[in-house]
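Structure at a glance
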Amino acid sequence: MDLADGAGEEEFRARLREWLAGVLPTLPPKPDPLDWPGRRAYDCGWQRRLYDAGYADVYWDAPPTQRLIFLEETERAGAPYVGANFVGLLHAGPTVAAEGTPEQRERWLPPVLRGDEVWCQGFSEPDAGSDLASLRTRAVRDGDAYVVSGSKIWTSHAEVADWCELLVRTDASGSKHRGITWLAMPMDAPGITVRPLRTLAGSTEFAEMFLDEVRVPVVNRVGEENDGWRVTMVTLSFERGTAFVGEVVACRRVLAELAGAARKNGTWDDPGVRRGLGRLSAEFRALWRLTQWNVSEAEATGGVPGIGGSVFKLRYSHARQELYDTAAAVLGPDALDLGREWSLDRLSSLSYTIAAGTSQIQANIVAERILGLPKGR
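Residue numbers here run from 1 along each chain, matching the order of that chain's written sequence. Given that this is a predicted model, residues contribute local features only at a pLDDT of at least 70 and side-chain atom pairs are listed and counted only at 80 or more, while totals for whole chains, interfaces and linings are drawn from all residues. With hydrogens and water stripped out, all remaining heavy atoms of the structure feed into the side-chain values.

Looking now at the packing of helix H4 (residues 86-99) against helix H5 (residues 102-114). Packed helix pairs are characterised by how far apart their axes lie and by the angle those axes make with each other. Note on geometry: axes are C-alpha line fits, over the in-contact stretch for helices, and angles between N-to-C directions span 0 to 180 degrees. The way it works is that DSSP assigns letters per residue, a run of H or I at least four long becomes a helix, a run of E at least two long becomes a strand, and they are numbered from the N terminus. It is at 10 Å that the axes of H4 and H5 come closest, and there the two elements cross at 160 degrees. The angle between H4 and H5 places the two elements in the roughly antiparallel class. Where H4 crosses over H5, the two elements pack in a sense that is left-handed. Counting all contacts with H4, which are made through Gly88, Leu89, Gly93, Val96 and Ala97, the residues of H5 involved are Gln104, Arg105, Trp108, Leu109, Val112 and Leu113. Working definition: roughly parallel below 35 degrees, roughly antiparallel above 145 degrees, roughly perpendicular at 65 to 115 degrees, and oblique for all remaining angles. By the definition used in this description, the sense in which the near helix is turned from the far one sets the handedness, with an anticlockwise turn below a right angle giving left-handed and a clockwise turn giving right-handed. In what follows, a contact means two residues having at least one pair of non-hydrogen atoms within 4.5 Å.

Before going further, it helps to examine helix H2 (residues 36-53). Compared with the 26 Å implied by 1.5 Å per residue over 18 residues, the 25 Å span of H2 between its first and last C-alpha is a close match. We call a residue buried when its accessible area falls under 20% of the maximum for its residue type, exposed when it is over 50%, and partly exposed in between, using a 1.4 Å probe and counting protein chains only. Buried residues of H2: Trp36, Gly38, Arg40, Tyr42, Asp43, Cys44, Trp46, Gln47 and Leu50, and no others. For the purposes of these results, a polar contact is taken to be a pair of N or O atoms within 3.5 Å, where, inside protein, one atom must be able to donate a hydrogen and its partner to accept one; residues adjacent in sequence count only when each atom of the pair is a side-chain atom. Where H2 begins, the side chain of Asp35 points an oxygen toward the backbone nitrogen of Gly38, at a separation of 3.0 Å. At the exit of H2 stands Gly54, carrying a positive phi of roughly 90 degrees. Here a helix's expected span is defined as the number of its residues, less one, multiplied by 1.5 Å.

This next bit is on H5. Between its first and last C-alpha, H5 extends 18 Å over 13 residues, near the 18 Å set by a 1.5 Å rise per residue. Of the positions making up H5, those classed as buried are Gln104, Trp108, Leu109, Pro111, Val112 and Leu113. Elements that come into contact with the buried residues of H5 comprise H2, H4, strand S1 (119-122), strand S4 (163-169), strand S5 (180-186) and strand S8 (221-222). Of the residues trailing H5, Gly115 is marked for its positive phi of about 80 degrees.

With that settled, the discussion passes to the pairing of S1. Neither face of S1 is exposed, since Trp119 and Gln121 on one face and Cys120 and Gly122 on the opposite face are all buried. The sheet contact formed by S1 and S4 spans 4 bridges and is parallel. Across the sheet, the residue bridging to Cys120 is Cys164, located in S4. Here a strand pair is declared whenever DSSP counts at least two bridges between the two strands.

In this section: the nonpolar core. Among the nonpolar cores identified, the biggest contains 70 residues, and Trp46, Tyr59, Phe70, Trp119, Trp182, Phe284 and Leu323 are the most heavily contacted of them. Residues Tyr146, Val148, Cys164 and Val168 belong to the second largest nonpolar core, which totals 25 residues. Grouping buried Ala, Val, Leu, Ile, Met, Phe, Trp, Tyr and Cys residues that are joined through side-chain atoms within 4.5 Å yields what is termed a nonpolar core.

Relative to the elements of secondary structure, Arg67 occurs in helix H3 (residues 64-76). At 3.4 Å, the side chain of Arg67 forms a polar contact with the backbone oxygen of Val58.

In short, geometric facts, not functional conclusions.
So, in structure tokens, the structure goes:
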């Protein structure tokens, strides 16, 4: 697909730039990064502004070129990121759009787009992280509801969420990939206990979640009972294939700022620093091209990203860590000051080779499904 701007795209870019120039100066101050209720209010307020301006559905319904233009222009302008809306807007919502019934799409998608409701992700468990199919949280059918008991960990945005995309085991008699079901669980249901987890950077965007006979209506099931693994692959294709594309633009911006900082403080004279910055520039240019390809492929195949998402996720995770390692080299001893720009980002970058599927899992997917190598024994 040709992703060069045509007349329509040029008009869209100009209109978006004009809108951003007018609205960004009117935003309230950003909240404390550790204040997640405050960040939820801020992020949802921004999403509402996007909705009112007609840009809220750009992740789902816009042509791929417009989607990429939107990501480029909002990042370059310093607009807020999706933040607390990450799960709902970038993979739970798209999953419902792809796999949900008309009634489910009508119930859950508009509140996500308006910034009225926030979702969290209840996939990983203490003994089923990378081996997601080994999850043990059970759901037993009781009339028109599932009774759910078990625990989840690394539940993104659980403490501020209204809904949870939840994986449960509804049949333990077959293989571990069968018998899984995808549910939308209301976070105000009785029996849910959320315990925030503090990260290395001091934030609490993750939590443990304990479920004690939580009743989830059967009508909240997305896909058929015991077909949740297939639905989960749709969710993960969005999470790995398109959810991080805006961050590539952000990393390219940080890279340019790093080069400027290196010139100012003299580290530019270090050939190793210059070499690292140059290699990263090529890396992120290539990742942006891969992003364009993945978005175009998704558009051509019904909106669901393909296997190229694992290639992107694998390389992007490591490139992001290398970017902030280079930032530490530029900052020198100041990199130990958590109040300095890029220091907290360096700590958070350590999680990227684990989040949304570990690098080892992504390497296996690429080896088996793209290169055709045999499965490990």
